[in-house]
Structure formats: structure tokens, C-alpha cells
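The residues making up each chain are set out below.
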Amino acid sequence: EGLEVELVLGEHKDEDFRSADLVVPNPAVPPGDARLALARAAGARVVSAMELFLDRTEARVVCVTGTQGKSSTSSMIAQLLEVAGLPVRLGGNIGGSLLPEVDSIGPDEVCVLEVSSYQLEALSADEQAGRAEVVAITNVLSDHLERHGTPAAYARAKARVLELVGDGGTAFFPTRSQLDLHKDVVFEPGAGARVVRVGPGGDLRVADGLFRFGEGELGHVEDLTLPGAFQVENALLALGVARTLGAAPDRLGAAVSDLRGIPHRMELVGIVRGHPVWDNGVSTTPDSTVSALASLDGRCVLVLGGLAKRGLPLSPLVGAARERVRHAIAFGSSAARFAEALAEADVPTTAVEDVGAAVRAAFEEAHDGEPVLFSPACASFDAYPNFLERARDFRERIEAMR
């Protein structure tokens, strides 16, 4: 209001980029885009919304990234800090940019930011060095090769989060054995940062049924009600970050049982026609479906499919399916590929056109009391604008089956 604003919708004009002073691209736009090059050549500042926020906020900043678990871990950190009485806001790749709220966020607040490889790739590390009080990497597998080109390039984008922590800050990342996939990539925080290794043999670990940080205890693993070994890993990291930010150990231990998951992350939809139905609709990679399968006892009917991501091998998923899947239902553009790969592992597979047909087929094939797991292992873009819309479609189909 009170500003002269011109909206240009549904198209991109080169002259708009040549005349701009500031360009804020969506993270999905590659940094090498030709129109961004036009803007830079004309003297414009090309900057992400994340960087604008980091430039302006006075808050304590936590940045969390990883291939799997970054949303769940970020959410758990925010929940734990809230219980501990610390003012907290959650944003970034989860929940949206906090930039519109920047003027109302005080220096005593903690901003927990989930950051994607796209967002990290766009940051000016030199300008943001030391900006984060705590950074954390859940894990680094392989993903988004259509954007980054190689697993090593993807891993380097993830490793950039370590550049954001400096003197006096803390960097959490997995023990080296968990980063062996990327032996040629340097995971090293800024000068003066404290390093906390997470996992077996690390400073932050699970031992004797307890979440342990050094010699201290942060709670009992059995109190965590969220299903899946991967949620134990997420909770461990969240507890370590919250403790580092000042949360009292006794409050953290008491809060473990109240930690809530995020929708579509190994979420039990309910018992439908006698079958437990699990929604892991967040899955867009084979690795994430492997983790979901490991969370179930016994065999299941697996519903998977969509648009297969370039360069991600199916062999780990096929190996897990051999042990844990009695029948697979494959849908979408990758259905034939999955059917062929799973047949080699002697996993019976039914190929169907879409999610609706997949739900019907799953209930036809499921034995008495057998779980049905929806974990697509693929991108959604062959039929949906995003994974969330695909997961919602699955849930609506399940509700209709009731």
C-alpha cells in the first residue's frame, strides 16, 4: 500500500531482469539460469530469501540439512525448545520463509531453519560465515542429481551448511563412517567451531537404551513413541541441538514422550479393512523407502511409484524388498521399471496406472492383517505438483476404502 507496484505474471521478460536492482529467485531456479545472468550483468543483486533473512535477523540461528530427516529433526528441535521455555520459530524449507516476520523476531529468539541443498547452493558463504549458532547435518546420501549433476556435487552443496557456523558455534554431523559415500567431499566447519559427531562412537549417541551426550543423559529411547529407527536418530540429533542451545536435560528427557511427528512421515493412518496402513508419502528416493521398510515388523504390501529420479540406484531398495515386501504395487511412469527390477528379486509386483488403482490393488493383494505401506520412492511430478498433493490423494483414497 502506498507503493507503485507492477505485477508481471505468467511470463518472464528479459527487460525486467536487465532493469532490476534486486532479484530474489525461487530456490528451484538454478543459479546458472540465463535470466539471472542477465540481471547480474546489469549490476543487480541476485540473492535468496534465506540470505535476506540471515542478513537482517538478530535472532539465534540454527540451520538443519540432510538428505533424510531434516524436516522431522527441525520440527523436533522446535518442539523441544518450546517445552524448555525458549522462544522459537520454525521456518525455511519447512513451513516457509521467516522473512516476512523478520522485524518482529527478537535477539533472544531461536530460529530453526531447515535448509535444502538448493537453498545452500544459493548462499553467499563468505557473507554468512559465522551467522549460525548451530548447524546440523542429519545424513548425506544421494538426491537431486538432475540439479547438482553428481553425488559429489550434491554432497558439496550439503556440506556448505558447515560454512555458516564460526567461532563459538557448534556443528553436528554424522561420524565419518556414515559419510563414506562421499569420501572426496570435505565436511569441515568454520574456524573455531565446536564439532559434535553423531552416531555410534560419537559424542552424541544412543547407548544402553539412553540418548547420551558426552557423559550426560538426555532421555530414554523407549519413551519415544514415534515409529522407526530413523526417528530415534532424528530425536537424538534434536536433543543434542536443544541441549547445546541451553535446554535443561531434565526437561528434555521429560519431553521425549511428547515428541510429535510430521504428517506423511511413517504416519499410521489407522486400521482399514483389517490392515494397518502406513503413510510415508514424503518418500521421493529409494533410500527413504528402505528406511521405511526397516521400520516395520514382518512383510508388507508396498505401494510405490511416480517419476523416478535420475541417477539414483534401485539396488538397495530391491534388496530390502526381497526381505520385507510380500507384494509390491507400482504406479505412475516408473511402474514398469519397478516391476522389472523387483521381479529379479522374486517380489511379485502389480503395475497400475495411478494412485487410485494402486490403493485398490493393494487391498486386493494384502493378506489378513498385513500392513500396507505407501512409500513412493520417486518424485511426484509425473502426475502431481508436489509430494504433498500425492500423499493427500493417497489419504483420500484410503478414507474412501473405509
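Heads up: the structure comes first, above all this text.
Rules of the game
Residues numbered from 1 in each chain as written. Predicted model: local features only at pLDDT ≥ 70, side-chain atom pairs only at ≥ 80, totals over all residues. Heavy atoms only, no water. Helix = DSSP H or I, 4+ residues; strand = E, 2+ residues; numbered from the N terminus. Contact = heavy atoms within 4.5 Å. Core = buried A, V, L, I, M, F, W, Y, C linked by side-chain atoms within 4.5 Å. Buried < 20%, exposed > 50% of the residue type's maximum accessible area, 1.4 Å probe, protein only. 1 Å grid on protein atoms, 1.4 Å probe; cavity = no way out; pocket = protein on both sides within 12 Å on 5 of 7 lines; lining within 4 Å. Points joined across faces, edges and corners; volume = space filled by probe spheres on them. Lys, Arg positive; Asp, Glu negative; His and termini not counted. Salt bridge = Lys/Arg side-chain N within 4 Å of Asp/Glu carboxyl O. Pairing = 2+ DSSP bridges. Axes fitted to C-alpha atoms, helices over the stretch in contact; angles between N-to-C directions. Polar contact = N/O pair within 3.5 Å; in protein donor to acceptor, adjacent residues only side chain to side chain. Parallel < 35°, antiparallel > 145°, perpendicular 65-115°, else oblique. Left-handed = near helix turned anticlockwise from the far one by under 90°. Nonpolar A, V, L, I, M, F, W, Y, C, P; charged D, E, K, R; others polar.

## Remarks on the environment of Thr73
So, step 1. With respect to the secondary-structure elements, Thr73 resides in helix α4 (residues 70-83).
So, step 2. Between the C-alpha atom of Thr73 and that of Phe394, which follows or precedes it by 321 residues, the distance is 25 Å.
So, step 3. Setting aside chain neighbours within four positions, we find Thr73 in contact with Val64, Thr138, Asn234, Leu237 and Ala238.

## A word on the nonpolar core
So, step 1. Formed by 34 residues in total, the largest nonpolar core has its most connected members in Val62, Leu80, Phe172, Leu204, Phe211 and Val241.
So, step 2. If you tally residues by element for this core, the top one is helix α9 (residues 229-244), at 7 residues.
So, step 3. With residues near it in sequence (within four places) discarded, Val241 still touches Val62, Ile77, Val134, Ala136 and Phe172.

## Considering empty space enclosed by the protein
So, step 1. Evaluated as defined, the whole model comprises 1 cavity of 30 Å³ or more.
So, step 2. For the largest cavity, the calculated volume is near 40 Å³.

## Focus: the side chain of Glu114
So, step 1. Along the chain, Glu114 falls in strand β5 (residues 110-114).
So, step 2. Here Glu114 occupies a buried position and makes no salt bridge, while the nearest side chain of opposite charge, Lys70, is found at 4.2 Å.
So, step 3. Sequence-distant contacts of Glu114, defined by excluding residues within four places in its chain, comprise Met50, Val64, Lys70, Ser71, Ser74, Gly91, Gly92, Asn93, Ile94 and Gln119.

## Describing the sheet that holds strand β15 (residues 325-331)
So, step 1. Taken in spatial order, the 6 strands make up an open sheet running β12-β13-β17-β14-β15-β16, and their pairing is mixed. Every other strand in the sheet has two partners, leaving β12 (267-272) and β16 (349-351) as the edge strands with one partner each. Mean inter-strand twist for the sheet, computed between neighbouring axes without regard to direction, equals 20°.
So, step 2. When β15 meets β16, the two strands line up parallel, connected through 3 bridges. If you follow Ala330 over to β16, its bridge partner there is Ala351.
So, step 3. Of the strands in this sheet, β12, β13 (275-279), β14 (300-305), β15, β16 and β17 (372-374) touch helix α14 (residues 355-365), which is tilted by about 160° from β15.

## Thoughts on helix α2 (residues 34-41)
So, step 1. The N-terminus of α2 is capped by Asp33, whose side-chain oxygen sits 2.9 Å from the backbone nitrogen of Arg35.
So, step 2. Immediately downstream of α2, the backbone of Gly43 shows phi near 95°, a positive value.

## Section: the packing of helix α11 (residues 286-294) against helix α12 (residues 315-324)
So, step 1. Look at α11 against α12: their axes get within 9 Å of each other, and the N-to-C directions meet at 20°. Judged by the angle between their axes, α11 and α12 are roughly parallel. Crossing of α11 over α12 shows left-handed handedness. Along the contact surface, α11 presents Pro286, Asp287, Thr289, Val290, Leu293 and Ala294, while α12 presents Pro316, Leu317, Ala320, Ala321 and Arg324.
So, step 2. Among the residues forming the contact of α11 with α12, the class breakdown is 8 nonpolar, 1 polar and 2 charged.

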